[in-house]
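# Observations on the model geometry
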Amino acid sequence: MSSDESSNASGPSERRGAVREKALQVQARQKRARAIRTATLATTLVALVTVGAVVVTWAVSSSASKPLLSPANVTDDGFAVTALTGVALASEGSGSQADVAATATATPTPTATASPSPTAERASVDIRVYVDYLSTGSRDFQLANVQQLSKWVSQDAATLTYYPVAMLTSKSNGTKYSQRAASAAACVATHSPDSFFAYNNELLTNQPEVDSDGYTDQELADLAQARGATSPKVVRECIEEHDYMSWARSATQRALDGLPGTDDLALTGTPTVLVNGTPYVGALDDPKEFAQFVLTIASDAYYKATPSPSPSTTPSATP
């Protein structure tokens, strides 16, 4: 009996010991698993931080190594019209448009009190137009005045300079159309200056609607080629690579800070049209009103540039 009782007493004790040992083993495995998970998570976080640091460093170094590109053939962020190819001009006898142009370029009639010398050189009028290629006002002004602007330039009666700016960049569903179009115009002015006027006219007169996506980069390049851009591959690459996007943004900010050649004027909207530094505030779609304004400025410039008439009497002797 004693041996049987001893055997029965040891059985439960051994089982309890086995259970404790198994529990300790389970706890040890769980502890190792937690340690492995913690180490893996820490390693992953370190890897992510390292990759992020590498990406940021690469981006910053790439940005720093890429120079800020500036277009050629530019003065004070404006592109002077040097060729009129690609834009059809009205015939000399085609009605009021031609009459207005002729009036605006005519030499002022001398008066009895102010007699400009007949050999005095007529002063040329300087016309500067700040445009946003998504601005409906810029489109209206171009549509109304492109013919007479072309005539004045062809007759050497005026110099004409366009200043692409990007004031409506946020009005194209996130595509930054105003800025891309200004960059595209700078590409054409740089690599194909003779087709700039035609391209500028195309972007203004056939502009997309406000709050639309605007033309794609490929379409902007296609339009440049259609308007006769030379070196089409170079122009296309310039447009599609956004070579002058940063310049367009900077040029806009400079115009907002102040317009060169004016008395503390700054860009407040587009179009802003300056004639010899004087802003035009008349109707954008009335070519006659604009022509009269130009004629008035031209007359002032003419008389200022003309020497004073010689006195008809001999000055009295100095005492």
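As recorded in an unreviewed UniProt entry, the protein goes by the name Thioredoxin domain-containing protein, listed as coming from Microbacterium hominis.

## Describing the side chain of Gln142
Relative to the assigned elements, Gln142 resides in helix H3 (residues 136-154). Apart from the residues lying within four places of it in its own chain, the contact partners of Gln142 are Tyr162, Phe197, Asn200, Asn201, Leu204 and Thr205.

## Quick notes on unusual backbone geometry
What is expected of a backbone is that most residues other than glycine have negative phi and most peptide bonds are trans. Across the junction of Thr270 and Pro271, the peptide omega takes the value 0°, indicating a cis bond. Tracing the chain through its elements places Pro271 in the loop between helix H8 (245-257) and strand S4 (272-275). A positive phi angle is found at Asn173, which is not glycine, with a value near 55°. Structurally, the position occupied by Asn173 is in the loop between strand S3 (158-164) and helix H4 (177-191).

## Let's talk about the pattern of salt bridges
As a working rule, side chains carrying opposite charge can pair if their charged atoms are close by. Summed over the entire model, instances satisfying the criterion amount to six salt bridges. For Asp77, the salt bridge goes to Arg254, with nearest N and O atoms at 2.8 Å. Remark: Arg254 occurs in helix H8 and Asp77 occurs in the loop between helix H1 (2-65) and strand S1 (79-80); sequence separation between them is 177 residues. Given the relative accessible area of 16%, Asp77 is considered buried. Residue Arg254 is classed as partly exposed on the basis of its relative accessible area of 39%. Between Glu202 and Arg227 there is a salt bridge, with the nearest N and O atoms lying 3.9 Å from each other. On the criterion of sequence distance, the pair formed by Glu202 in helix H5 (residues 196-205) and Arg227 in the loop between helix H6 (217-226) and helix H7 (232-240) is long-range, its members being 25 residues apart.

## Here's the deal with the nonpolar core
Ranked by size, the top nonpolar core spans 55 residues in total, and within it Ile127, Tyr162 and Phe290 carry the most contacts. A total of nine residues in this core trace back to one element, the largest contributor, which is H4. Ignoring sequence-local partners within four residues, the contact set of Ile127 consists of Leu149, Trp152, Ala158, Thr159, Leu160, Thr161, Val273, Leu274, Val275, Phe290 and Val294. The next biggest cluster of nonpolar side chains, apart from the first, holds seven residues, and it includes Val165, Leu259, Leu267 and Leu274.

## Notes on the packing of H4 against H7
For the pair H4 and H7, interaxial distance at closest approach is 9 Å and the crossing angle is 150°. Judged on the interaxial angle alone, H7 and H4 are roughly antiparallel. Crossing angle aside, the handedness with which H4 passes H7 is right-handed. Touching Ala184, Cys187, Val188 and His191 of H4 are Val234, Val235, Cys238 and Ile239, all from H7. Class assignment for the residues of the contact of H4 with H7 results in seven nonpolar, one polar and no charged.

The rules behind these values
- Just so you know, the residues in each chain are numbered from 1, in the order the chain's sequence is written.
- Only residues with pLDDT of at least 70 are given local features in this predicted model, and only at 80 or more are side-chain atom pairs given and counted; all residues enter the totals for whole chains, interfaces and linings.
- Each side-chain value is derived from all of the structure's non-hydrogen atoms; neither hydrogens nor water enter the calculation.
- Helical segments are the DSSP runs of H or I of at least four residues, strand segments are the runs of E of at least two, and each set is numbered from the N terminus.
- Two residues qualify as a contact provided that any one of their heavy atoms is within 4.5 Å of a heavy atom in the partner residue.
- Whenever Lys or Arg places a side-chain nitrogen within 4 Å of a carboxyl oxygen from Asp or Glu, that contact is recorded as a salt bridge.
- The rule is simple: take the accessible area with a 1.4 Å probe, protein chains only, and divide by the maximum for that residue type; under 20% is buried, over 50% is exposed, in between is partly exposed.
- For our purposes a nonpolar core is just a set of buried Ala, Val, Leu, Ile, Met, Phe, Trp, Tyr and Cys residues, chained together by side-chain atoms within 4.5 Å.
- The angle between two axes is taken between their N-to-C directions and runs from 0 to 180 degrees, where each axis is a line fitted to C-alpha atoms and a helix contributes only its stretch in contact.
- Angle categories are assigned with fixed cut-offs, so that under 35 degrees is roughly parallel, over 145 is roughly antiparallel, 65 to 115 is roughly perpendicular, and the rest are oblique.
- Crossing chirality is assigned from the near helix's rotation relative to the far helix, an anticlockwise turn below a right angle marking it left-handed and a clockwise turn marking it right-handed.
- Residue type decides the class: Asp, Glu, Lys and Arg count as charged, Ala, Val, Leu, Ile, Met, Phe, Trp, Tyr, Cys and Pro as nonpolar, and the leftover types, Gly among them, as polar.

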